[in-house]
Amino acid sequence: MDLQGKVALITGASRGLGLEIAKAYAKRGARLMITARTSADLERAAAEIRTSSRGDGAAREPLIEALAGDVADSSHARRLIDTTVRAFGRLDILINNASELGPSPMPSLEQLPIDDYHRILDVNAVAPLQLTQFALPHLKAAGEAFVINVSSDAGVQAYPGWGGYGSSKAALEHWSRILAAELDGSGVRILVVDPGDMNTEMHRQAEPGVDLAHLPGPERVARAFVRFVEDVREPFARLEAQKPLFAAVGAS
């Protein structure tokens, strides 16, 4: 897929990986709908994306719409899709990036409050599926489209203390595989992307006091999200953003 002129909806786009993906897509000429919970942070992110794209020598300012809200709120999810299609006339790429870590520092499963676990599951597994359901009629109409679900190695590895977050990402990954099988032949590709360890605010909340200076920043990892939509042709792939594409495509 050539990103020029395509429309991408990115959740959790006010900071970290979501913001850097938005910048990378804008530089490729994509039109963007971005969302995050805090309106002020989202507006700052939109301004930063525009500035970054102009500085990259783009011929014109990127087209960006921003709509603040909680992706776990079904009414906000519906408004996101409706507003995107009304503003741009189409939807080609949905990136479910917004994530909920839960309490910080993260407790063991034995001590994880169930209300917190409900919230983790709602944001990390249920909300992406609901938003995908709302988006699918428009993604199918595009002829060629992507749903990109941002996951984690915690969804496949048993890391003590990561039980709430990890199990929610495991659910996200498995429904992604099933949905890809159900959509086979529709033109909608489902990608699960493990971005790997990064130096981000969310990682600092996950492991307070740990020095993350040696880890890559999200701006480096975001480049892989451009490469994936440009190069992946399989109906489903689980990809590791910090590994070569050829080694990951089609991995189960």
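Quick summary incoming for the structure in this document. What you are looking at is a predicted structure, and each value in this text was computed from that prediction instead of being measured.

Describing the overall build of the chain
So, point 1. When its secondary structure is counted, the chain shows 7 helices and 7 strands.
So, point 2. Within the chain, the fraction of its 252 residues that count as buried is 50%.

Focus: helix α1 (residues 16–27)
So, point 1. Counted at 1.5 Å a residue, the expected span for α1 with its 12 residues is 16 Å, and the 17 Å between its end C-alpha atoms agrees.
So, point 2. For α1, a buried count of 10 out of 12 residues is recorded, marking the element as mostly surrounded by other parts of the structure.
So, point 3. Taken together, the buried positions of α1 are L17, G18, L19, E20, I21, A22, K23, A24, Y25 and A26.
So, point 4. In the segment just after α1, G29 is the residue with positive phi, at about 95°.

A word on the side chain of S152
So, point 1. Secondary-structure assignment places S152 in the loop between β5 (145–150) and α5 (163–182).
So, point 2. Taking relative accessible area as the criterion, S152 reaches 9% and is therefore assigned buried.
So, point 3. For S152, the side chain forms a polar contact with the side chain of D153, separated by 3.5 Å.
So, point 4. Discounting chain neighbours no more than four positions away, the residues touching S152 are Y165, K169, E173, D194 and R238.

Quick notes on the environment of D92
So, point 1. With respect to the helices, strands and loops of the structure, D92 is situated in the loop between α3 (74–88) and β4 (93–96).
So, point 2. By relative accessible area, which is 0% here, D92 ends up buried.
So, point 3. Separated by 61 residues in sequence, D92 and R31 place their C-alpha atoms 9.9 Å apart.
So, point 4. Those residues in contact with D92, other than ones at most four positions away along the chain, are M1, K6, V7, L139, A142, E144, A145 and F146.
So, point 5. Polar side-chain contacts of D92 include one of 2.8 Å to the backbone nitrogen of V7.
So, point 6. Among the polar contacts made by the side chain of D92, one reaches the side chain of R90 at a distance of 2.6 Å.

Focus on the sheet that holds β5
So, point 1. Taken in spatial order, the 7 strands of this open sheet run β3-β2-β1-β4-β5-β6-β7, and their pairing is parallel. Each edge of the open sheet is held by one strand with a lone partner, namely β3 (64–66) and β7 (236–240). Neighbour-to-neighbour, the strand axes of this sheet turn through a mean angle of 15°, independent of strand direction.
So, point 2. As paired elements, strand β2 (residues 31–35) and β3 share 3 bridges and run parallel to each other. Bridging across to β3, I34 finds its partner in A66.

Quick look at the side chain of N124
So, point 1. Tracing the chain through its elements places N124 in helix α4 (residues 114–142).
So, point 2. A polar side-chain atom of N124 sits 3.0 Å from a polar atom in the side chain of S168.
So, point 3. The residues touching N124, leaving out its near neighbours within four places in the chain, are A98, S99, E100, Y165, S168, K169 and L172.

Remarks on the pattern of salt bridges
So, point 1. Inspection of every chain in the model, using the stated rule, returns 12 salt bridges.
So, point 2. Among the salt bridges present, the one from E100 reaches R37, with a minimum N-O distance of 3.8 Å. One end of the pair, E100, is in the loop between β4 and α4; the other, R37, is in the loop between β2 and α2 (39–55), with 63 residues separating them in the sequence.
So, point 3. Accessibility expressed as a relative area gives 52% for R37, which makes it exposed.
So, point 4. Among the ionic pairs, R177 bridges to E173, the shortest N-O distance being 3.8 Å. Taken together, the positions of R177 and E173, both in helix α5 and 4 residues apart, correspond to about one turn of that helix.
So, point 5. Residue classification places R177 among the partly exposed positions, given a relative accessible area of 26%.
So, point 6. Judged by relative accessible area, which is 2%, E173 ranks as buried.

As for the environment of L94
So, point 1. Looking at the element boundaries, L94 is found in strand β4.
So, point 2. A sequence separation of 61 residues divides L94 from M33, and the C-alpha atoms of the two residues are 9.6 Å apart.
So, point 3. For L94, the residues in contact, after removing those within four places along its chain, are L9, L131, T132, A135, F146, V147 and I148.

Section: the nonpolar core
So, point 1. Ranked by internal contacts, the top residues of the largest apolar core, which has 39 residues, are Y25, L32, I34, I93, I148, L191 and F225.
So, point 2. One finds L9, L91, L131 and V188 within the second-largest nonpolar core, a separate group that totals 25 residues.

What counts and how
Residues numbered from 1 in each chain as written. Predicted model: local features only at pLDDT ≥ 70, side-chain atom pairs only at ≥ 80, totals over all residues. Heavy atoms only, no water. Helix = DSSP H or I, 4+ residues; strand = E, 2+ residues; numbered from the N terminus. Buried < 20%, exposed > 50% of the residue type's maximum accessible area, 1.4 Å probe, protein only. Expected span 1.5 Å × (residues − 1). Polar contact = N/O pair within 3.5 Å; in protein donor to acceptor, adjacent residues only side chain to side chain. Contact = heavy atoms within 4.5 Å. Pairing = 2+ DSSP bridges. Axes fitted to C-alpha atoms, helices over the stretch in contact; angles between N-to-C directions. Salt bridge = Lys/Arg side-chain N within 4 Å of Asp/Glu carboxyl O. Core = buried A, V, L, I, M, F, W, Y, C linked by side-chain atoms within 4.5 Å.

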